[in-house]
Amino acid sequence: MDYSKIVNSRIQSIAPSGIRKYFNLLNEMTDGISLGIGEPDFVTPWHIRDAGIYSLEKGYTKYTPNAGFTELRTEISKYLKRRFGLEYDGASEIVVTVGGSEAIDLSMRCILNPGDEVIVPTPSFVCYGPLAAIDCAVPVYVETKAENEFRLTAEELKAAITPKTKMLVLPYPCNPTGAIMRKEDLEAIAEVLKDTDIIVLSDEIYSELTYVGKHVSPASIPGMRERTLVVNGFSKSYSMTGWRMGYLCGPKEIISQVTKLHQYGIMSAPTMSQYASIEALKNGDDDIEKFKEEYDGRRRFLLNGFRNLGFDCFEAQGAFYLFPCIKSSGMSSDDFCMGLLQAEKVAIIPGSAFGPGGEGFARVCYANSMKNIGEALNRIERYLNTIKK
Amino acid sequence: MKKLLQLLEEDCAMSTAQLAALADMTEDDAAAAIKKLKDDGVLLGNKAIINWDNSDYEYVTALIEVNVTPQKSDGFDRIAERIYQYDEVESVYLMSGGFDFTVIISGRSLKEVALFVARKLSTIEGVTGTATHFILKKYKEKHLIFETQDQQQERFTFD
């Protein structure tokens, strides 16, 4: 059979990830240090794991309601109010998903019609464009700039809007740049969106990892709630990546439609993960603070390290990435990163993997031990000395 | 300052630059603070935590409950001093509850530890009784887990 004629052409047109080769190489190495993968290095706090284990001991192994346990949605509602001042009704405005990724996918599938345009600020996480394309929509990439601290400005947004614009993705705090949007930045965005029917997909998975000021959700800006879908989850804030727990919040008219999709595609998020997540929300605020404080210290250390090595490096204010400029090396970001991996066995990701505007930069994840980060800096220094010669 | 102490207690092998970043201080301030902590007798020393079971060497640790008759003038301190002067003694704590001191002793063999208790510890003036408990297995010390933790087999690779 000629499978290229069988498999959906839009799926086939999605390019495979450009960073896979890095991980394949790294896996073959001994003594490699990965500052590549964007995943917390901490294990899920014990009391949360224990709640998951306890649910298994009790035999709670059946499906849950499609949108998730009522108690979980109530706790999510309380959490969003407590931490970000957001008001969402647990019964009608929240759906529990399999990670934030499912929430992003559901939102796009639920909102986009063929030909609709989706504005995606870049450099950003790699999933938005391909997911939009699968829905026959058109991703419109807007390059954010280092001189604007990688924020999306109102002018950049205005210039990208056309009559076909249906959705704006706001991926802040941003992977890979570490940029955040302050209240005044979001107010300017809100002003542009006023009187349009553009829906904002706000991916706030890194919201708890905001080191300068407090995270501001676009949905908390006057006039924005009715047009905003908030994606959040447990992976980054509680070190729960493997539990696959996320959620989507928004106006009930949209959430009820999204829940239909979720019901047919997923049924319900894993039951034991939901029990663990209830425990996280009830008794996990201290864990969030502890993780954040630890990442913040590493952020300062790595930032100082890169600047001492002569890198032009924007001070990331959120997530757990630095995005140093590597243009002074005279190499492309792919060559620079591949050279570093081969010469010194340190994996960082070329900025070009994160869309337009990423070339000339590299993403360095500091969700790793101080020991490894310190050693990686030593190796990067050695590498710089060899390429200068 | 408390943050710095917590960090040092966690891992004293970190560089001053690392400690300073984690404690949100400048490197100079961190170095000065560490010097002051040493001068003030707050920071006593840095020691490694060793899992002797994983080494080629024999190492026995015992926890000994010690009862004493405190002396009128010096109370417990004088007797504690007589106990802790021995090199074999790793730690001495004054306790509340059913006995007076916890003494932790290490030696090369059970016999060596037992002989120390019988010949030296029990004969100290003021010591009225001992109960020796040998430590059979260490699971965790100072937040470090002794057993090698299995790692998850396969992890995210971004296919």
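Conventions and cut-offs
- Residues numbered from 1 in each chain as written.
- Chains lettered and ligands numbered in written order.
- Predicted model: local features only at pLDDT ≥ 70, side-chain atom pairs only at ≥ 80, totals over all residues.
- Heavy atoms only, no water.
- Helix = DSSP H or I, 4+ residues; strand = E, 2+ residues; numbered from the N terminus.
- Rg over C-alpha atoms; globule rule 2.2 N^0.38 Å.
- Buried < 20%, exposed > 50% of the residue type's maximum accessible area, 1.4 Å probe, protein only.
- Contact = heavy atoms within 4.5 Å.
- Buried area = accessible area lost by both parts, 1.4 Å probe.
- Salt bridge = Lys/Arg side-chain N within 4 Å of Asp/Glu carboxyl O.
- Polar contact = N/O pair within 3.5 Å; in protein donor to acceptor, adjacent residues only side chain to side chain.
- Nonpolar A, V, L, I, M, F, W, Y, C, P; charged D, E, K, R; others polar.
- Lys, Arg positive; Asp, Glu negative; His and termini not counted.
- Domains from an automatic or database assignment.

Caption draft 1: Representation of the overall build of chain B within the structure. From N to C terminus, chain B includes 5 helices and 6 strands. What you see in chain B, going N to C, is helices and strands ordered as α-α-α-β-α-β-β-α-β-β-β. Relative to a compact globule of 159 residues, whose C-alpha radius of gyration would be 15 Å, chain B shows 21 Å and is clearly more extended. Each principal axis of the C-alpha atoms in chain B carries an extent, and together these give about 65 × 40 × 30 Å. Put simply, chain B has 159 residues, and 28% of those count as buried.

Caption draft 2: Structural detail: the interface of chain B and chain A. Taken residue by residue, the interface counts 13 residues in chain B and 18 residues in chain A. When chain B packs against chain A, the two sides together hide about 1,300 Å² of surface, and 60% of this comes from carbon and sulfur. Counting across the interface, chain B meets chain A through 2 salt bridges. The closest approach of N and O atoms between Lys3(B) and Glu293(A), which form a salt bridge, is 2.7 Å. Our count for the chain B to chain A interface comes out at 5 residue pairs in polar contact (both at pLDDT 80 or more). If one sorts the elements of the side of chain B that touches chain A by residue count, helix α2 (residues 16–22) of chain B sits on top with 4 residues. By residue class, the composition of the side of chain B that touches chain A is 7 nonpolar, 2 polar and 4 charged.

Caption draft 3: Representation of the side chain of Asp203(A) within the structure. Residue and element names in this part refer to chain A. The topology assignment puts aspartate 203 in strand β6 (residues 199–203). Buried charge without a partner: aspartate 203 forms no salt bridge, and the closest opposite charge is lysine 236, 7.9 Å away. Aside from chain neighbours lying at most four places away, what touches aspartate 203 is Ile104, Tyr128, Leu170, Pro171, Tyr172 and Val231.

Caption draft 4: Quick peek at the domain arrangement of chain A. All names here are of chain A. Partitioning chain A into domains gives domain 1 (3–43 + 286–388) and domain 2 (46–284). Using only C-alpha atoms to locate each centre, domain 1 and domain 2 end up separated by 24 Å. The interface is formed by 35 residues belonging to domain 1 together with 41 residues belonging to domain 2. Summed over both partners, the interface of domain 1 with domain 2 comes to about 3,200 Å²; 63% of that surface belongs to carbon and sulfur atoms. Of all residues in domain 1, Ile288, Phe314 and Gln317 give up the largest surface area on contact with domain 2, accounting jointly for 23% of the area buried on that side.

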